[in-house]
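# Summary of structural features
The lines below spell out each chain.
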Amino acid sequence: MMARSYEFAIIRFAPDDGRDERLNVGAVVFQDDGLDIRVSRRLEKIRALSAALDVDLLREFIVGLSDIDQRMRDSGSFDIGCRKQIMSSLGPIKLSQVGQFWVEQQSDYEDRISSILKSYVDPEPALPRAKRKSSKLLTQIKSEFRKERVLAQRHEDIESHRIVSGFELDEGLVADLVLRNGAMHVVETVDASNDEVSLRRAIGDIAVSALVLERARMRFGDKKTKARLVYNASANIERIARPSLDAAEHQGAELINWSSATQRSHFVHELANLATPVAKKNKRGQVRFSPGREHGFNF
């Protein structure tokens, strides 16, 4: 098949010329035997202009352009410019300037139409929301920091110098815990203590955690980032996943085995001593802080 060209226009909804508001609601391809009309799958977006607009009536009106075009061609009007001008003068519908696209073979036609709709008509897809991790291990760690009164409250950020949970580093990348105190202390967790957790998932979680920690180093600077990977794994999974854990350690992450009482205690107290505790009131209602806690802020 030889390459063939098609002429098209974007269908615009413009209910009020005085307000000069318009939305792209579809596309029309001019063909020898009629129109190929494609209506936006998200036509309800017209309600952004008015809550009183009827989406179904507008859809019927747009599809009905084919009948109007058919009557024009029956009367001998085949010129695309004339056909476009007449349809642009009907009700709240306007047509854009005519564009052109080429296809090498007919099977490419639908791909080109989809590309036009994606570029000019359909709304941009929402960005993926960064998901906060939820695991038994992370809950236990946060509980320990809450007891120490160094876990940030919901309205607080890293400027509070308390440990913030669910800190978004980048689109789709969320660090489990972050503390700012001179350096940026970034903590990732991997919970593989449940026997139902597969080895593949455990290794995948370690890889994602390593990626988060690497992104933190890129954002805050390698020298100003203290990365920690806290894991809790069954003996079998830890043995097999050891190469992945070693790789994360080689990249600069300090490994903390949560099942080790010594490592667990050292980790909790080290970060707690670096954070600013939440003020505690005594029996007289006076605010005081825990004695003996030093804070080496370095800004």
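Residues numbered from 1 in each chain as written. Predicted model: local features only at pLDDT ≥ 70, side-chain atom pairs only at ≥ 80, totals over all residues. Heavy atoms only, no water.

### Notes on the nonpolar core
Cut-off, in case you're wondering: Residues belong to a common nonpolar core when they are buried Ala, Val, Leu, Ile, Met, Phe, Trp, Tyr or Cys residues joined through side-chain atoms within 4.5 Å. Whether a residue is buried, partly exposed or exposed follows from its accessible area with a 1.4 Å probe, protein chains only, as a fraction of its type maximum: under 20%, in between, or over 50%, in that order. Put simply, DSSP marks the helices as runs of H or I at least four residues long and the strands as runs of E at least two long, and each gets a number from the N terminus on.
Core analysis: the largest hydrophobic core is formed by 29 residues, its most contacted members being L169, V178, V186, F220 and L229. Breaking this core down by element, the ones donating at least two residues are β6 (164-170), β7 (173-181), β8 (183-192), α6 (199-220), β9 (225-233) and α7 (235-250). The element contributing the most residues to this core is α6, with seven residues. The next biggest cluster of nonpolar side chains, apart from the first, holds 21 residues, and it includes A9, F30, I62 and I93.

### Comments concerning the packing of helix α2 (residues 65-74) against helix α3 (residues 80-88)
This is how it is decided: Axis definition: a line fit to C-alpha positions, over the contact stretch in the case of helices; interaxial angles, taken between N-to-C directions, run 0 to 180 degrees. Oblique is the label for any angle not under 35 degrees, not over 145, and not in the 65 to 115 range, which are roughly parallel, roughly antiparallel and roughly perpendicular in turn. Crossings are sorted by hand: turned counterclockwise from the far helix by less than a right angle, the near helix makes the crossing left-handed, and turned clockwise it makes it right-handed. By the convention used here, residues are in contact when the closest approach between their heavy atoms is within 4.5 Å. Residue polarity follows a fixed list, in which Ala, Val, Leu, Ile, Met, Phe, Trp, Tyr, Cys and Pro are nonpolar, Asp, Glu, Lys and Arg are charged, and the others, Gly among them, are polar.
The N-to-C vectors of α2 and α3 enclose an angle of 135°; their axes lie 10 Å apart at closest approach. By the angle between their axes, α2 is oblique relative to α3. Considering how the two elements wind past one another, α2 and α3 form a crossing that is right-handed. Contacts between α2 and α3 involve L65, D69, M72 and R73 from the first element and C82, R83, I86 and M87 from the second. Among the residues forming the contact of α2 with α3, the class breakdown is five nonpolar, no polar and three charged.

### A short note on α6
For the record, the criterion: Any helix carries an expected span of 1.5 Å times its number of residues minus one. Here, the arc refers to the directions that run from the helix axis to the C-beta atoms.
In this model, α6 (22 residues) spans 32 Å end to end at C-alpha, consistent with the 32 Å of a helix rising 1.5 Å per residue. All of the buried residues in α6 are A202, I206, S209, A210, V212, L213, A216, R217 and F220. Burial along α6 is one-sided: seen end-on, the buried residues are contained in an arc of 160°. Across from the buried face of α6, at angles greater than 90 degrees, the exposed residues are R200, R201 and M218. In this structure, the buried residues of α6 make contact with β6, β7, β8, β9 and α7. One or two positions beyond α6, positive phi appears at G221, with a value near 100°.

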